[in-house]
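Working through the structure, step by step
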Amino acid sequence: MSVLDSIIAGVLEDQAVRQLSNSELEERMALATKPLDVLAALRREKFSIIAEVKRSSPSKGSLAQISSPEKLARKYQEGGAAVISVLTEQRRFGGSLEDFSKVRGEVSIPLLRKDFIVNEYLVKESRAYGADLILLIVAALGDDELKQLYHLVKSLGMEALIEIHNQEELERALAISPKIIGVNARNLKTLEIDQSNFAKLLPLIPSGIVRIAESGMSEPRDGQSALVAGADAILVGEALVKSENPADSVREFLKVAIS
């Protein structure tokens, strides 16, 4: 079993424990805040950042305690982040939907629910908690699943970050005509990082699609490399959660667009 398969198995077990009835879920969705315009947020500037609230990872273990995810998210917003990503997977990343709710109540910019979304319930649950953007990982989904979940995401007024790791996955992603594609330098099946993925894959993504570079962003010059490769935005987690001044760190990453 790959690392990705193991994570998804845990996600489904945890879903079964907390799962609401259809009527309860529909009621929460009806009461949720209206989705924010993710595309406008990501396209507002030449180069943007998705700043991530993340306590730990399978590859690095514990990263930061983050006793107040909402305060961290507010710092990200103050620093100029276009979107905030909140990890909600508990077993490997130390996240929760409670974290997401706290952040949703604190910031006014779009939120990405960063989790392993593999079924309709998880899509609807994301909307019920106020998500504007969710992650759909091509490696975790069959073609029909990817298409159906993407259509559901759009029907609920959200956007999806379609994540790929190689050219075959890019071709599968393009088949659903997405608005946002993320190139992950990390292979989720092995956890190995290959930053050459950005130069290989970002130029292959058609213009008009927002191109996100994910993983391996340890310092601003990594963002510069992603920008040169064709990224419109970068997703940064570890470097920000470890920073003594997250707002300033976001600003430093954003400076690559004008340097």
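Structure report, in brief. (Residues numbered from 1 in each chain as written. Predicted model: local features only at pLDDT ≥ 70, side-chain atom pairs only at ≥ 80, totals over all residues. Heavy atoms only, no water.)

D222, G223, A226, L227 and A229 are the residues of helix α10 (residues 220-229) that are buried. Taken down its axis, α10 places every buried residue within 160 degrees of arc, on the same side. Counted as exposed and oriented over 90 degrees from the buried face of α10: R221 and V228. G230, located one to two residues past α10, shows a positive phi value of around 120 degrees. (Buried < 20%, exposed > 50% of the residue type's maximum accessible area, 1.4 Å probe, protein only. Helix = DSSP H or I, 4+ residues; strand = E, 2+ residues; numbered from the N terminus. Arc of directions from axis to C-beta.)

So, on to the pairing of strand β1 (residues 48-53). Of all six residues in β1, six are buried, a share of seventy percent or more. Burial along β1 is two-sided: S48, I50 and E52 facing one way and I49, A51 and V53 facing the other are all buried. Note: β1 against strand β10 (residues 233-236), four bridges, orientation parallel. By the bridge assignment for β10, I49 is matched with I234. Here β1 runs beside strand β4 (residues 83-87); their pairing, made up of four bridges, is parallel. Across the sheet, E52 pairs through a bridge with S85, a residue of β4. (Pairing = 2+ DSSP bridges.)

Glancing now at the pairing of β4. Most of β4 is tucked away, with five of its five residues classed as buried. The handedness of the β4 to strand β5 (residues 111-114) crossover, carried by helix α5 (residues 97-104), is right-handed. (Right-handed = clockwise from strand over helix to strand, strands pointing away.)

This part covers unusual backbone geometry. Its identity as a non-glycine residue notwithstanding, I66 has a phi of 50 degrees, on the positive side. In this fold, I66 is placed in the loop between β3 (61-62) and α4 (69-79). Exposure remark for I66: the relative accessible area of 11% places this residue in the buried category.

Time to look at the packing of α4 against helix α12 (residues 246-254). Viewed as axis vectors pointing N to C, α4 and α12 meet at an angle of 40 degrees, and their least axial separation amounts to 7 Å. By the criterion of interaxial angle, the relationship of α4 to α12 is oblique. Relative to α12, the crossing made by α4 is right-handed. Residue-level inspection shows L72, K75, Y76, E78 and G79 of α4 in contact with α12, the latter providing P246, A247, V250, R251 and L254. Considered class by class, the residues forming the contact of α4 with α12 number six nonpolar, one polar and three charged. (Axes fitted to C-alpha atoms, helices over the stretch in contact; angles between N-to-C directions. Parallel < 35°, antiparallel > 145°, perpendicular 65-115°, else oblique. Left-handed = near helix turned anticlockwise from the far one by under 90°. Contact = heavy atoms within 4.5 Å. Nonpolar A, V, L, I, M, F, W, Y, C, P; charged D, E, K, R; others polar.)

For the rest of this paragraph, the subject is the sheet that holds strand β8 (residues 180-184). Sheets are built from strands that pair by backbone hydrogen bonding, the pairs being arranged parallel or antiparallel. Spatial strand order, β1-β4-β5-β6-β7-β8-β9-β10: eight strands in a closed barrel with parallel pairing. The average undirected angle you get between the axes of adjacent strands in this sheet is 25 degrees. Here β4 runs beside β5; their pairing, made up of four bridges, is parallel. Along β5, the bridge assignment pairs S85 with L112.

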